[in-house]
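# Breakdown of the fold
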Amino acid sequence: MATILNIETSTCPCSTALTSDGMVLLQCHENQGRNHATLLSGFIKDCLDHARKHEMKIDAVAVSQGPGSYTGLRIGLSEAKGLAYALQVPLIGVSTLQLMTVSVMFNHEVDPDGLFAPMIDARRMEVYTAVYDMALQPVMEPQPLILDADSYRAELETGRPFYFFGDGSGKAREVITAENAHWIEGVEPLAADMLALAERAYHQRDFLDLAYSTPIYLKDFQATKPKSLL
């Protein structure tokens, strides 16, 4: 099995994880605000030091590719590219929405016939979301979505258990009242949960281009004017 250094900076938490042979060997995690630029290099160093101490060779670097925070995604991908280049190893991109879904599948009791809707908070009533089945096949493709009472209507009307989670799910709870809707609290994207997806990509040789790969923003960046202090 591959030894992979995983990096996750798509939302508030900043985390890294060193994984090998289906196990998390070391993880570093901080979720007290978006200070990824300050924390990430130290977290990466801790993982590299652990690998050297145990005479382990890093086989690949994996990074959560988005969607999520524009700044966080840029920081994570930039660090991952530089590290992969320095180590001369391949770079793996992992969908943030899929890694959240895998976390729910592995860590919560869910119906195998269920549908899964990860939700990352965006502006106002908007979220980045998708809907997956238990095989991680998209029932609804990843997209930015403005929430209202009709959101996910077609998928909910199948009657299958429907799981909402992520830091945007609180907004959905305000407008979606379907009986088959279930809400899972406390789910956030973390590097340790990239393990299965990163290992699958490594063995399938599904690698990013070091020069041209970009984050998955799902929509264009919209800058806002700073508020006047006067």
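Keep in mind the model is a prediction, meaning the values are calculated, not measured. (Residues numbered from 1 in each chain as written. Predicted model: local features only at pLDDT ≥ 70, side-chain atom pairs only at ≥ 80, totals over all residues. Heavy atoms only, no water.)

## Examining the side chain of H36
Position of H36 among the secondary structure elements: in helix α1 (residues 36-53). Take H36: its relative accessible area is 3%, and that puts it in the buried class. One polar contact links the side chain of H36 to the main-chain carbonyl oxygen of T11, over a distance of 2.8 Å. Apart from residues lying up to four places away in sequence, H36 is in contact with T9, T11, C12, P13, C14 and I75. (Helix = DSSP H or I, 4+ residues; strand = E, 2+ residues; numbered from the N terminus. Buried < 20%, exposed > 50% of the residue type's maximum accessible area, 1.4 Å probe, protein only. Polar contact = N/O pair within 3.5 Å; in protein donor to acceptor, adjacent residues only side chain to side chain. Contact = heavy atoms within 4.5 Å.)

## Brief notes about helix α3 (residues 96-107)
In a regular helix each residue adds 1.5 Å, so 12 residues correspond to 16 Å; α3 covers 17 Å between its end C-alpha atoms and thus fits that length. With respect to burial, α3 is a largely interior element, 10 of its 12 residues being buried. Within the sequence span of α3, burial applies to T96, L97, Q98, L99, M100, T101, V102, S103, V104 and M105. Structurally, the start of α3 carries an N-cap: the backbone nitrogen of L97 is 3.3 Å from a side-chain oxygen of S95. (Expected span 1.5 Å × (residues − 1).)

## Some words on the pattern of salt bridges
Scanning the entire structure with this criterion turns up 9 salt bridges. Put simply, E157 and R153 hold a salt bridge, and the shortest N to O gap is 3.8 Å. The exposure class of E157 is exposed, given its relative accessible area of 59%. (Salt bridge = Lys/Arg side-chain N within 4 Å of Asp/Glu carboxyl O.)

## Section: the nonpolar core
One finds I4, I92, V94, V104, F116, F165 and I184 to be the most contacted residues of the largest nonpolar core, which totals 32 residues. At the level of elements, β4 (60-66), β5 (91-95), α3, β6 (115-121), β7 (126-132), β9 (162-165) and α6 (195-203) are the ones that each hand at least two residues to this core. No other element matches the 6 residues that α3 contributes to this core. Every residue in contact with V94, bar those within four places of it in the chain, is listed here: V63, S64, Q65, G66, L99, M194, L197 and A198. Within the second largest apolar cluster, 21 residues are counted, among which are C28, F43, A51 and V63. (Core = buried A, V, L, I, M, F, W, Y, C linked by side-chain atoms within 4.5 Å.)

## Description of the packing of aromatic side chains
Here the structure, examined in full by the defined rule, presents 7 aromatic pairs. With 5.3 Å between their ring centres and 25 degrees between their planes, F116 and Y163 make a pair best called stacked. Separated by 47 residues along the polypeptide, F116 in strand β6 and Y163 in strand β9 bring together distant segments of the chain. No difference in accessibility class separates F116 from Y163, as the two residues are buried. Chaining the aromatic ring pairs together yields one cluster made of Y152, F162, F164 and W183. (Phe/Tyr/Trp six-rings, centres within 6.5 Å; stacked < 30°, edge-to-face > 60°.)

## Digging into the packing of α3 against α6
Where α3 contacts α6, the two axes come as close as 9 Å, and the packing angle between them is 120 degrees. Relative to α6, the element α3 is oriented oblique. Contacts from Q98, L99, V102 and F106 in α3 reach A196, L197 and R200 in α6. A per-class count over the contact of α3 with α6 returns 5 nonpolar, 1 polar and 1 charged. (Axes fitted to C-alpha atoms, helices over the stretch in contact; angles between N-to-C directions. Parallel < 35°, antiparallel > 145°, perpendicular 65-115°, else oblique. Nonpolar A, V, L, I, M, F, W, Y, C, P; charged D, E, K, R; others polar.)

## Structural notes on unusual backbone geometry
Of note, the amide linkage connecting G66 to P67 takes the cis form, showing an omega dihedral of 10 degrees. Among the structural elements, P67 can be located in the loop between β4 and α2 (70-87). The backbone of L136 shows a phi angle near 65 degrees, a positive value even though the residue is not glycine. Topologically, L136 is positioned in the loop between β7 and β8 (138-146). Positive phi is not limited to glycine here, since Y152 has a value of about 65 degrees. Checked against the element boundaries, Y152 lands in the loop between β8 and α4 (153-156).

## With respect to the sheet that holds strand β3 (residues 23-30)
The mixed open sheet is built from 5 strands, whose spatial order is β3-β2-β1-β4-β5. Edge strands, defined here as strands with exactly one partner in the open sheet, are β3 and β5. If you compare each strand with its neighbour and ignore which way they point, the axes differ by 20 degrees on average. Two strands pair when backbone bridges link them, and strand β2 (residues 14-20) and β3 are joined in this way by 7 bridges, in the antiparallel orientation. By the bridge assignment for β3, A17 is matched with Q27. Seen against the sheet, α2 touches β1 (3-8), β4 and β5 and runs at an angle of roughly 160 degrees to β4. (Pairing = 2+ DSSP bridges.)

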